[in-house]
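Results of the structural survey
Below are the chains, spelled out letter by letter.
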Amino acid sequence: MNFRPIFIAIVQMVGLFLSGIFIPLLPWLFTPVPLILIYVRNSKMEGLTVLGIACLIISLLGGWYILFFFLFIFNLIAISIGEGLLRQWKPELSIAGSALLSVLAIGSVAGYYFVHIGESPLPVIERFILEQRDEAVKLYSSHGFNEITAAISSIPAVSFHYFSLMLPCLLILIVATIAACSYATAKVIIVRNPGAGPRIESTPLALWYAPDAWIWGLIGALVCIMMPNELARFLLGWNIVVLFAIVYFIQGAALVDYFLKLKLHIRPFARILIYIVVLALPPLIAGTIVFGIIDVWADFRKLRKPAIP
């Protein structure tokens, strides 16, 4: 067992996680990467050693509740993606599988907690968010940030109600974003330097598309939006619609990348400017989503193999 890469991976992973507390979200997007790299390029045993020591350090520094998020989000994502890369799974399967495992683990613990206290999750979550809002107002007002205090205080209470209803979608979105960024970063590094791991082929965005069967999930969610019950309408409708909208935005972005890069041969800098314009304008975002949905039937890039009669 080589202790030098183990030590480096532990320092990198713990450092990225702790820095995410002070720089919200950005370092967390890449926190699983060191564990993925050592798990794939060195060995599973060295990867599990990094996991155990890193969890021990986090538990000593932050307590069990910080360890809970560190273990069930970042470490579970890292191990799942590592297995996906070793087994040569498709990108969507590795990312969706790792995100799903993480969400199921968090949901199981949260479900046990709510059953134990004997309360419905929605009122508890709303109370917690409102308490955090009040704490934030006190904190900013004590430091003289009057504009921020006024902005937070002006948010109506009903907004927190709808935020609570959309929380499952937001949790899945955050976890899936961490998984996607970690997968993409780790794969680029492993493709260039596989180490002792298997040789992994790069998959360009321009040739990616979601499994066609996923469109039925979007259609089912759109039907659920028409339900009369508010809780069912949000949990089974809007939460799932938003998730599938993101999937088909990525598929639409892959189509745009295909035409700009492989058909029109536009230079990378110009393509980046076009992507920034698309992300800055909501009508173009909506158009990209529609473009991605239509591709399920139109197959603009002719990537899907015809069915064998």
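Residues numbered from 1 in each chain as written. Predicted model: local features only at pLDDT ≥ 70, side-chain atom pairs only at ≥ 80, totals over all residues. Heavy atoms only, no water.

**Focus on the pattern of salt bridges**
Considering all chains together, one arrives at five salt bridges under this definition. Glu-83 serves as the salt-bridge partner of Lys-44, at 3.0 Å between the closest nitrogen and oxygen. Within this pair, whereas Lys-44 is found in helix α3 (residues 44-62), its partner Glu-83 is found in helix α4 (residues 64-86), the two being separated by 39 residues in sequence. A salt bridge links Arg-271 to Asp-257; the nearest nitrogen and oxygen atoms lie 3.8 Å apart. Of the two residues, Arg-271 is situated in helix α12 (residues 268-280) and Asp-257 in helix α11 (residues 230-263); the sequence distance between them amounts to 14 residues. Owing to a relative accessible area of 12%, Arg-271 belongs among the buried residues under this scheme. Take Asp-257: its relative accessible area is 9%, and that puts it in the buried class. It is possible to trace a salt-bridge network through shared partners that takes in Lys-44, Glu-83 and Arg-87. (Salt bridge = Lys/Arg side-chain N within 4 Å of Asp/Glu carboxyl O. Helix = DSSP H or I, 4+ residues; strand = E, 2+ residues; numbered from the N terminus. Buried < 20%, exposed > 50% of the residue type's maximum accessible area, 1.4 Å probe, protein only.)

**Some points on α4**
A rise of 1.5 Å per residue sets the reference length of α4, with its 23 residues, at 33 Å; its end C-alpha atoms lie 31 Å apart and thus fit the reference within 8%. Of all the bends in α4, the largest measures some 30° and sits at Leu-71. Phi turns positive, to about 60°, at Gln-88, one or two residues after α4. (Expected span 1.5 Å × (residues − 1). Bend = angle between axes of the 7 residues up to and from the residue.)

**A few points about the packing of α4 against helix α5 (residues 91-117)**
Viewed as axis vectors pointing N to C, α4 and α5 meet at an angle of 150°, and their least axial separation amounts to 8 Å. On the basis of their axis angle, the class for α4 and α5 is roughly antiparallel. Seen from above, α4 lies across α5 with right-handed handedness. Each of Phe-68, Phe-72, Ile-73, Leu-76, Ile-77, Ser-80, Ile-81, Gly-84 and Leu-85 in α4 lies in contact with α5, whose residues at this interface are Ser-94, Ser-98, Leu-101, Ser-102, Ala-105, Ile-106 and Val-109. Grouping the constituent residues of the contact of α4 with α5 by class yields eleven nonpolar, five polar and no charged. (Axes fitted to C-alpha atoms, helices over the stretch in contact; angles between N-to-C directions. Parallel < 35°, antiparallel > 145°, perpendicular 65-115°, else oblique. Left-handed = near helix turned anticlockwise from the far one by under 90°. Contact = heavy atoms within 4.5 Å. Nonpolar A, V, L, I, M, F, W, Y, C, P; charged D, E, K, R; others polar.)

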